[in-house]
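# Structural characterization, general
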Amino acid sequence: MADIVILTGAGISAESGLGTFRDENGLWTQYDLEQVCTPEGFSRNPALVHEFYNARRANCLDASPNPAHEALARLQRDSRHEVMIVTQNVDDLHERAGAREVIHMHGTLGGALCQNCGARWPAPRVMDPLAPCPNCRMPETRPDIVWFGEMPYEMDRIMNELARAFLFVAIGTSGNVYPAAGFVHEARLHGARTLELNLEPSATSGQFDDSRLGPASDTVPRWVDEMLAAQ
Ligand code: BJW
């Protein structure tokens, strides 16, 4: 069980070259989220949705972790406290930086899911909308991603961790998407201190005890150094 819960969002991977969603030039200025991030959009046009995620999978494979991912992996390794990383990101940059365990509440680009039988398997670099499921053979494969209206993964486990943590930290997330945006409220209810590290104030900034503004590659390693020096 975790003493410290860290929630990360697209902002932590921005300096690795992966686009955020809601910033200027973010993904939602190029794509209609209703078309590419809802089950209804996928039913209407699976080829478009696969194209969107195939492009993001290629970007992710070309990207590298930045000092913020590396600092969180160091905190997980060297802290005397149990540190749980919960990410909304579908990239694997926390893992590639050496993080031990990460909850991907919105799924992963590296996973494929069958809409027909629920089987999961590693996604190929380029997913084909007509590829059959390796289990049931139906051509209903999709990226293993949580879209709007779907239940994020491992919610019971995350809620248990939030109830036990003495510190909750949100990094690089705009606080616009629930249930993740409600974690600060949940952590506070259970007595945790709360800290936000973000480029600019988020939609939920007012709910945090402390806030530090700046690029994650700067603020996160500094904060981790302080945490490790204080123990
Ligand atoms: C930097 C930086 C740098 C930049 N350094 N920082 C009305 C009220 C409340 C809820 C709802 C509602 N109507 C509908 C809902 C529910 C809905 C929802 O929240 N909608 C909102 C739009 C209102 N949520 C859902 O449907 C979720 N499921 C659900 O609720 O199930 C029921 C349930 C109920 C109760 C408990 C449990 C379940 C599912 C949400 C699925 C989200 N999916 C997406 C796309 C799929 C993944 C993918 O393709 O990648 O997930 S949407 C997109 O937003 C993606 C992200 O993970 C998510 C969050 O975005 P994030 O990470 O915050 O990115 P940005 O771009 O918004 O912000 C970046 C931040 O970084 C900014 O603040 C920058 O300043 C900062 N930044 N550079 C530091 N260098």
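Check the entry above for the structure.
A brief structural summary. (Residues numbered from 1 in each chain as written. Predicted model: local features only at pLDDT ≥ 70, side-chain atom pairs only at ≥ 80, totals over all residues. Heavy atoms only, no water.)

Turning our eyes to something else, we now look at the environment of Asn89. Relative to the helices and strands, Asn89 resides in the loop between strand S2 (83-87) and helix H7 (93-96). For Asn89, a relative accessible area of 5% gives the class buried. Sequence separation between Asn89 and Ile12 is 77 residues; the distance between their C-alpha atoms is 9.0 Å. When sequence neighbours within four positions are dropped, the list of residues in contact with Asn89 reads Thr8, Gly9, Ala10, Ile12, Ser13, His104 and Gly107. (Helix = DSSP H or I, 4+ residues; strand = E, 2+ residues; numbered from the N terminus. Buried < 20%, exposed > 50% of the residue type's maximum accessible area, 1.4 Å probe, protein only. Contact = heavy atoms within 4.5 Å.)

The next point concerns the site of the ligand. The environment of the ligand is formed by 36 residues, the closest being Phe21, Arg22, Tyr53, Arg56 and Ser174. In this structure, a nitrogen atom belonging to the ligand sits 3.3 Å away from a main-chain N or O atom of Leu199. Where the shell around the ligand is concerned, the elements lending two or more residues are helix H1 (11-14) and helix H5 (46-62). A per-class count over the shell around the ligand returns 18 nonpolar, 12 polar and 6 charged. (Near = heavy atom within 4 Å. Polar contact = N/O pair within 3.5 Å; in protein donor to acceptor, adjacent residues only side chain to side chain. Nonpolar A, V, L, I, M, F, W, Y, C, P; charged D, E, K, R; others polar.)

As a further point, take the packing of aromatic side chains. Summed over the entire model, instances satisfying the criterion amount to 6 aromatic pairs. For the ring pair Tyr53 and Trp147, a centre distance of 6.3 Å and an interplane angle of 40° mean the geometry is tilted. Linking Tyr53 in helix H5 with Trp147 in the loop between strand S6 (141-145) and helix H8 (155-164), this pair joins segments that are 94 residues apart in sequence. A network of ring pairs unites the aromatic residues Tyr31, Phe42, Phe52, Tyr53 and Trp147 as a single cluster. (Phe/Tyr/Trp six-rings, centres within 6.5 Å; stacked < 30°, edge-to-face > 60°.)

Here the focus is the pairing of strand S4 (residues 107-114). Most of S4 is tucked away: 6 of the 8 residues are buried. Pairing between S4 and S6: 4 bridges, direction antiparallel. When the bridges of S6 are listed, Leu113 appears paired with Arg142. Turn length for the S4-strand S5 (residues 120-122) hairpin, with the two strands adjacent in sequence and antiparallel, is 5 residues, and the turn residue Gly118 shows positive phi of about 80°. (Pairing = 2+ DSSP bridges.)

Strands in a sheet are paired, the pairing made by backbone hydrogen bonds, and the direction either parallel or antiparallel. Ordered in space as S5-S4-S6, the 3 strands form an open sheet in which the pairing is antiparallel. Both outer strands of the open sheet, S5 and S6, are each paired with one neighbouring strand and no more. The mean angle between the axes of side-by-side strands here comes to 45°, regardless of whether they run parallel or antiparallel. Of the pairings in the sheet, the one linking S4 to S5 comprises 3 bridges and is antiparallel in character. (Axes fitted to C-alpha atoms, helices over the stretch in contact; angles between N-to-C directions.)

If you trace the 6 strands from one edge of the open sheet to the other, you get S3-S2-S1-S7-S8-S9, paired in parallel fashion. Two strands close off the open sheet at either side, each with one partner strand: strand S3 (102-104) and strand S9 (210-213). Strand after strand, the sheet turns through a mean of 15° between neighbouring axes, direction not considered. Pairing analysis gives 4 bridges linking strand S8 (residues 193-198) to S9, with the strands arranged parallel. Paired with Leu195 across the strands is Asp210, a residue of S9. Contacting strand S1 (4-8), S2, S3 and strand S7 (167-171), H8 runs over the sheet at an angle of about 135° to S2. Sitting on the sheet, helix H10 (residues 216-229) touches S1, S7, S8 and S9, and the angle it makes with S7 is about 160°.

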